[in-house]
Amino acid sequence: RTQLELSHRLASVVTPSTKIRPLFPEYRPLVPVSENAQEWWNYAFRCVGRLNRRRSWMEFYLAFQKRKKYLQLYKRHAYSEETSWLNGLNEFELSDLRRIEGDRSVGISGL
């Protein structure tokens, strides 16, 4: 009986008071399950892979390429006015920077 009371007391303290966040939100589809179940199965597969520390090499390589490109573009965008050796971004490069920033497949920590 005391173990049951203790477990109830512990559960009431440990229960999160904030909303539960989705697992790996950068992979989470923006459509409901009823509209595109395939995307949700891919999401589940990727989450399980990440939890088991198994990422595909292609996924890792693509994230590396995006990070490499993003760092170059961001550096030029942020510091081109302060330095004479960095050229500013043209419209295509600026749109590419915005596209990478809006890409949900790579989290902020990945950039």
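Above this note sits the structure.
Since this is a predicted model, take the numbers as computed values, not measurements.

## Some points on the side chain of D96
Stage number 1. Relative to the helices and strands, D96 resides in helix α4 (residues 91–102).
Stage number 2. Excluding anything up to four places from it in sequence, D96 contacts K69 and L73.

## With respect to the packing of aromatic side chains
The geometry of an aromatic ring pair is captured by the separation of the ring centres together with the interplanar angle, meaning the angle of the planes.
Stage number 1. Going through the model one piece at a time under the given rule, you end up with three aromatic pairs.
Stage number 2. With a centroid separation of 5.6 Å and an interplanar angle of 85°, the aromatic rings of W40 and Y43 are classed as edge-to-face. Residue W40 and its partner Y43 are located together in helix α2 (residues 37–51), separated by three residues, close to a single helical turn.
Stage number 3. Exposure remark for Y43: the relative accessible area of 10% places this residue in the buried category.
Stage number 4. Between the aromatic rings of Y70 and Y74, the centroid separation amounts to 5.9 Å while the plane-to-plane angle is 20°, which identifies the pairing as stacked. Here Y74 and Y70 lie together in helix α3 (residues 57–79), a separation of four residues that amounts to about one turn.
Stage number 5. With relative accessibility at 13%, the residue Y70 sits in the buried group.
Stage number 6. The class for Y74 is partly exposed, based on a relative accessible area of 39%.

## Looking at the nonpolar core
Stage number 1. Ranked by size, the top nonpolar core spans five residues in total: F24, Y27, W40, Y43 and C47.
Stage number 2. Those residues in contact with Y43, other than ones at most four positions away along the chain, are P22, L23, F24, Y27, R28 and P29.

Rules behind the numbers
- Residues numbered from 1 in each chain as written.
- Predicted model: local features only at pLDDT ≥ 70, side-chain atom pairs only at ≥ 80, totals over all residues.
- Heavy atoms only, no water.
- Helix = DSSP H or I, 4+ residues; strand = E, 2+ residues; numbered from the N terminus.
- Contact = heavy atoms within 4.5 Å.
- Phe/Tyr/Trp six-rings, centres within 6.5 Å; stacked < 30°, edge-to-face > 60°.
- Buried < 20%, exposed > 50% of the residue type's maximum accessible area, 1.4 Å probe, protein only.
- Core = buried A, V, L, I, M, F, W, Y, C linked by side-chain atoms within 4.5 Å.

The values reported here are purely geometric and, on their own, carry no functional implication.
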